[in-house]
Amino acid sequence: MGEHDTVRARLRAAVRADDPWTALSALSALDADRPGGLADAVEELYRSDADRAALRSCFGWLLGVLGEAGDELLLRLLLAEQAFAADDRRDLLRTAVARRLRLPAELLRTYGEQAPASGGTGAHADGPPASELVDAMGLSGDESFAPRLGDLLGSPAVRGRAALALGRLGVRAWTAPIAGRLSEVTGLDHTAFVVALELMGDPAAVPYLLRWLAESGEDRVYDVHHALVRLTGRDPLLPERASGAAYAAAVRAAWAGGRTESAPAVVRDLAVESGTSARFSVDDGAGRIRIAFDPPSPGATWPRWNRSLTFDGKPLYRVGSHCDTCELGLALLDWPEDEARSIAARMRGRLARLERLDAALLAEWSPVLAELETGHYRALLLDLPLERVSEAARSWWYRRAAARAEVDDDDSAYADDPPEDYWPGVAHFQLTTRVPGGRVPCTYGALLPSQPLETLAPATVARHTTAIAAGERPAAVALGWIDDRYVEARHMERWLVGAVLDGHHRLAAYAAAGVPARVLLLARVGERGAEGGLEGLAEVAAAYGRRDESGDGT
């Protein structure tokens, strides 16, 4: 048996195995050492009527493993659409959309002539095109599809997808038609229309949005407000934790009179509650550091879902969805530019010996705080017992899954998951233990870096370590938040999450010395009625608030 036959036989066995993922992982590792054979074997099995059904469940995963070769394979299969049944052709196109492939316009036109309509049963069924074809048109980059997509804005089956496809194409001639239909759509379709206008980036949508804001129901106000902020650059401060009718009224008041010009950022309502706790608000913040929604994934049901922590618009970490029954999982996307990382460095002079918070200090730091996103904040001066972790099995991201497995016993969905499945992709700092004394027993903490820890200067770390051993307590600065989840409606979890803005060398020195790290945590609290982590922040402050040498609180 030749090498190609061996790979094909192993692939056929793997997709039929009781544990296909372990077998496929081993096979993909072998292919990485001797590339080429796996792509041919995948194609052969997909073209085989006898093997296609078994391969289908892991087909997308295998394409991801193959990378560019997988995209080439997918295109070959799409071009051979006559060889497959209609359902298989739809699966192929759906997979191409999920992989964000830009397919040739002629291929899509041919597909549209032969594929079933949305909700139809045959190749020439009446009705709009299948949703995956609408998505593919938007990804094609071919503006000739715009009139067809525009015609679909009135079709209930695919109108949300059509609006998003037009937004991805960026054909601004369709800004007004999309905006003019906002009163006709509800629910996810309304969100899709508004997000489409954000994707267009066309200021011509603003007058429509302002008029609709005054007329719309309160359930649609958030989306319109979000789009106005994106399209105008103005980000007005709203009342803390306003919800329902009060939130809608506050949004309408903020945009009353059609004011759209952004004003200089203002830090207001500074209030020091103790030497370790203060509050402040940022109005019309620069938003250089913020958590923002990602552009919607083609083919996804929810137009707003995943979010990322961004520096100057460049994603640093994927934060994941805001679904409170999904687990929190952060993933490194890219490192920010040096300028973004140096924002908090302007605070460094006072961080060398930061013993307590006071109003004068916060006022001095107002130009730095104004770089944050508009919102209400708490500032906490903490002494956090941190460790540096670079192995997936030691990270809380995995250890929390192992803890769930113990609770679920043999029924756990997590018991066989490898640690790497939960790893955020970067060495980081984490609390040495779960946060004690909280209402949610499983409360974890992690500080994620904004520069690679491997690049830290050993001499600088050693200098800070010596100073810490001598009793000095230089502070680091982190932008953080409390994240509450009820994972799968079974596991209550709470996270203190922070992104380090300044002080990586200091944190590394604290971790090496085994001394609690002095951290100034700047935490944005919630809006639209959410508790915003206030309970969690209070618990963190009670457990780790900076104390004087006698152990009494300052």
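What comes next concerns the included structure. For clarity, every value in this text was computed on a predicted model and none was experimentally measured. (Residues numbered from 1 in each chain as written. Predicted model: local features only at pLDDT ≥ 70, side-chain atom pairs only at ≥ 80, totals over all residues. Heavy atoms only, no water.)

**Notes on the pairing of strand β4 (residues 307-311)**
Side-chain positions along a regular strand alternate between the two faces of the sheet.
Next, step 1: Within β4, 5 of the 5 residues are buried, which leaves it mostly tucked inside the rest of the structure.
Next, step 2: Because side chains alternate across β4, one face comprises the buried residues Arg307, Leu309 and Phe311, and the other comprises Ser308 and Thr310, equally buried.
Next, step 3: Note: strand β3 (residues 289-293) against β4, 5 bridges, orientation antiparallel. Pairing of Phe293 across the sheet is with Arg307, part of β4. (Buried < 20%, exposed > 50% of the residue type's maximum accessible area, 1.4 Å probe, protein only. Helix = DSSP H or I, 4+ residues; strand = E, 2+ residues; numbered from the N terminus. Pairing = 2+ DSSP bridges.)

**Comments concerning a nonpolar patch on the surface**
Next, step 1: Judged by side-chain polarity, Trp21, Trp61 and Val65 come together as a nonpolar surface patch covering roughly 270 Å² of accessible area.
Next, step 2: As for its position among the elements, Trp61 is in helix α4 (residues 49-66). (Patch = residues over 30% accessible without salt bridge, like charges linked within 9 Å, V, L, I, M, F, W, Y side chains within 5 Å. Areas by Shrake-Rupley, 256 points an atom, 1.4 Å probe, with all protein chains shown as cover. Salt bridge = Lys/Arg side-chain N within 4 Å of Asp/Glu carboxyl O.)

**Thoughts on the packing of helix α3 (residues 37-47) against helix α5 (residues 68-79)**
Next, step 1: Taken N-terminus to C-terminus, the directions of α3 and α5 make an angle of 25 degrees; their axes are 10 Å apart at the nearest point. As summarised for this structure, α3 and α5 are arranged roughly parallel, according to the angle between their axes. Our pair here, α3 against α5, has a crossing hand that is right-handed. Taken together, the residues of α5 that come into contact with α3 (itself represented by Ala39, Val42, Glu43, Tyr46 and Arg47) are Ala69, Leu73, Arg76 and Leu77.
Next, step 2: Classifying every residue of the contact of α3 with α5 by side-chain character gives 6 nonpolar, no polar and 3 charged. (Axes fitted to C-alpha atoms, helices over the stretch in contact; angles between N-to-C directions. Parallel < 35°, antiparallel > 145°, perpendicular 65-115°, else oblique. Left-handed = near helix turned anticlockwise from the far one by under 90°. Contact = heavy atoms within 4.5 Å. Nonpolar A, V, L, I, M, F, W, Y, C, P; charged D, E, K, R; others polar.)

**Looking at the sheet that holds β4**
Next, step 1: Pairing in this open sheet of 4 strands is antiparallel, and the strands run β3-β4-β5-β6 from one edge to the other. Two strands close off the open sheet at either side, each with one partner strand: β3 and β6 (331-332).

**Examining the side chain of Arg52**
Next, step 1: Here Arg52 lies in helix α4.
Next, step 2: What Arg52 contacts, discounting residues up to four positions off in sequence, is Leu45, Tyr46, Arg47, Phe84 and Asp88.

**Side note on the nonpolar core**
Next, step 1: Counting residues in each nonpolar core, the largest one holds 86 residues, and the members touching the most others are Leu11, Val42, Leu55, Phe59, Leu149 and Leu209.
Next, step 2: Discounting chain neighbours no more than four positions away, the residues touching Leu149 are Val134, Met137, Ala162, Ala165, Leu166 and Leu169.
Next, step 3: Residues Tyr317, Leu362, Tyr422 and Leu501 belong to the second largest nonpolar core, which totals 47 residues. (Core = buried A, V, L, I, M, F, W, Y, C linked by side-chain atoms within 4.5 Å.)

**So, the pattern of salt bridges**
Where charged atoms of side chains with opposite charge meet at close range, the side chains can pair.
Next, step 1: Within this structure, the stated rule accounts for 49 salt bridges.
Next, step 2: Taking the shortest distance from any N to any O, the salt bridge between Asp334 and Lys314 comes out at 3.5 Å. With a gap of 20 residues between them, Asp334 in the loop between β6 and α16 (338-341) and Lys314 in strand β5 (residues 314-320) connect regions that are remote in the sequence.

**Quick look at the sheet that holds strand β8 (residues 386-389)**
Next, step 1: Reading across the sheet, the 9 strands line up as β1-β2-β7-β13-β11-β12-β10-β9-β8 and stay open at both edges, with mixed pairing between neighbours. Here the strands that pair on one side only, and so sit at the sheet edges, are β1 (266-274) and β8. Ignoring strand direction, the axes of neighbouring strands in this sheet form an average angle of 30 degrees.
Next, step 2: For strand β10 (residues 443-448) and strand β12 (residues 491-502), the ladder comprises 6 bridges, and the chain directions are parallel.

**Describing the environment of Val229**
Next, step 1: Along the chain, Val229 falls in helix α14 (residues 221-232).
Next, step 2: Between the alpha carbons of Val229 and Asp283 there is a distance of 13 Å; along the sequence they are 54 residues apart.
Next, step 3: Those residues in contact with Val229, other than ones at most four positions away along the chain, are Arg234, Asp235, Pro236 and Trp255.

**Structural notes on helix α6 (residues 86-98)**
Next, step 1: If you check α6, its first and last C-alpha atoms are 18 Å apart, about what 13 residues at 1.5 Å a residue would give, namely 18 Å.
Next, step 2: Buried within α6 are the following residues: Asp88, Arg89, Arg90, Leu92, Leu93, Thr95, Ala96 and Val97.
Next, step 3: Of the residues one or two after α6, Arg100 is the one with positive phi, at around 60 degrees. (Expected span 1.5 Å × (residues − 1).)

**Some words on the state of the cysteines**
Working definition: the covalent bond between the sulfur atoms of two cysteines is a disulfide.
Next, step 1: Under the definition given, this model contains 0 disulfides.
Next, step 2: Residue Cys326 stays outside any disulfide, its sulfur separated by 3.1 Å from that of Cys323, the closest cysteine.
Next, step 3: You can call Cys326 partly exposed: its relative accessible area is 26%.
Next, step 4: In this structure Cys442 is not part of a disulfide, and its nearest cysteine sulfur, from Cys326, lies 18 Å away.
Next, step 5: Looking at Cys442, the relative accessible area reads 22%, which means it is partly exposed. (Disulfide = S-S within 2.5 Å.)

**So, helix α8 (residues 131-139)**
Next, step 1: Burial runs high along α8: 8 of the 9 residues are buried.
Next, step 2: Considered for burial, the residues of α8 that qualify are Glu132, Leu133, Val134, Asp135, Ala136, Met137, Gly138 and Leu139.
Next, step 3: Positive phi appears at Gly141, one or two residues downstream of α8, with a value of about 75 degrees.

**Observations concerning the pairing of strand β11 (residues 476-487)**
Next, step 1: Counted residue by residue, β11 has 10 buried out of 12 residues, so it is predominantly covered.
Next, step 2: Relative to strand β13 (residues 517-525), β11 runs parallel, the two being bridged by 5 bridges. Looking at the pairing, Ala478 lines up with Leu521 of β13.
Next, step 3: Here β11 pairs with β12 via 11 bridges, running antiparallel. Paired with Arg485 across the two strands is Glu493, which belongs to β12.
Next, step 4: Following β11, the chain reverses through 3 residues before pairing antiparallel with β12; Glu488 in that reversal takes a positive phi of roughly 55 degrees.

Structural measurements only, silent on function.
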